[in-house]
Amino acid sequence: MEIIYFANEVLKAGIAEPPALAVPVFRSGEPVTLAQADEAALLTQLAEEIAAHRRSSEAGTLAVLARSEERRRELHRKLAAAGCEANLILPGQQQYEGGVSVLPVYMAKGLEFDKSLIVDVDSVNYAAVPQDAKLLYVGCTRALHELKLYYSGEPSPLIANVQGEFARKIKV
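This one's a predicted model, so the numbers in the text were calculated from it and none came from an experiment. Positions within a chain are numbered from 1, following the residues in the order the chain's sequence is written. Owing to the predicted nature of the model, reporting of local features is limited to residues with pLDDT of at least 70; listing and counting of side-chain atom pairs is limited to 80 or more, with chain, interface and lining totals taken over all residues. In computing side-chain properties, one takes all heavy atoms of the structure into account and sets aside hydrogens as well as water.

A few words now on the overall build of the protein chain. Under the scheme used here, helices are H or I runs from DSSP no shorter than 4 residues and strands are E runs no shorter than 2 residues, and both carry numbers assigned from the N terminus. Looking only at helices and strands, one finds four helices and seven strands in the protein chain. Counting helices and strands in the order they occur from the N terminus, the protein chain gives α-β-α-β-α-β-β-β-α-β-β. A globule of 172 residues ought to have a C-alpha radius of gyration of about 16 Å, and the protein chain, at 15 Å, matches this closely. Summary of the burial criterion: residues with accessible area below 20% of their type's maximum are buried, those above 50% are exposed, and those between are partly exposed, where the area comes from a 1.4 Å probe applied to protein chains only. Counting over 172 residues, the protein chain shows a buried share of 46%. Contact definition: two residues touch when any of their heavy atoms are within 4.5 Å. In the protein chain, the proportion of contacts linking residues at least 24 apart, taken out of those at least 6 apart, comes to 76%. For the radius of gyration, the atoms used are the C-alpha atoms, and the globule rule reads 2.2 Å times the number of residues raised to 0.38.

Quick look at the structure:
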């Protein structure tokens, strides 16, 4: 429920008259996490999330979602250098391997992951405009059970005011 309510707030922040909002299935979970992290802290956090995911007896799928293909390649390269194994999802790819994947948000449409980590959710990458709100909504709704959004500096105006029962803010 928290993920869908949060994603609906993203749409409302970026679209004056949003389309019909999603109605969640009644299954409550943890609030969405908004984490402020510079690049070094972000990479440490992602590596820790991936390592914890791999150690979990209930490990399912985990996605690291970036705004662009260039950023996706950069994150994949840096994570590999840090010893984190992850699948790089490429345009036109016919087979999905599961496990840990790194991909741009726009390629995630139609996929679902147990946990999604969305990076660079700041005002530079996600402005309060309909196109960015829709893209971030897609990214948020890919998570089935857990959603974390990372930003450096100021958060995107699409997420800046979402708090309370839907989201919790932390600094790493």
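This part covers the confidence of the model for the protein chain. pLDDT is defined as a per-residue confidence score from the predictor, taking values between 0 and 100. Summarising the model, the protein chain shows a mean pLDDT of 87, and 90% of its residues fall at 70 or more. Of all secondary-structure elements in the protein chain, the lowest mean pLDDT belongs to strand β7 (residues 167-171), at 67, while strand β2 (residues 62-66) reaches the highest, 97.

On to the pattern of salt bridges. Salt bridge, as applied in this entry: a Lys or Arg side-chain nitrogen positioned within 4 Å of an Asp or Glu carboxyl oxygen. Within the structure shown, the criterion is met by 11 salt bridges. A salt bridge links Glu39 to Lys78; the shortest N-O distance between them is 3.3 Å. Linking Glu39 in helix α2 (residues 39-55) with Lys78 in helix α3 (residues 69-81), this pair joins segments that are 39 residues apart in sequence. According to the relative accessible area criterion, Glu39 is partly exposed, its value standing at 29%. Look at Lys78 and you get partly exposed, because its relative accessible area is 24%. For Glu74, the salt bridge identified is with Arg71, shortest N-O distance 3.2 Å. Of this pair, Glu74 and Arg71 both sit in helix α3, three residues apart, which is roughly one turn of that helix. The exposure class of Glu74 is partly exposed, given its relative accessible area of 25%.

Compared with the 24 Å implied by 1.5 Å per residue over 17 residues, the 24 Å span of α2 between its first and last C-alpha is a close match. For α2, the set of buried residues is Ala41, Leu42, Gln45, Leu46, Ala47, Glu49, Ile50 and His53. Buried residues along α2 sit in contact with β2, α3, β4 (100-104), β5 (113-118) and β6 (143-151). A helix is expected to reach a length of 1.5 Å times the quantity of its residues less one.

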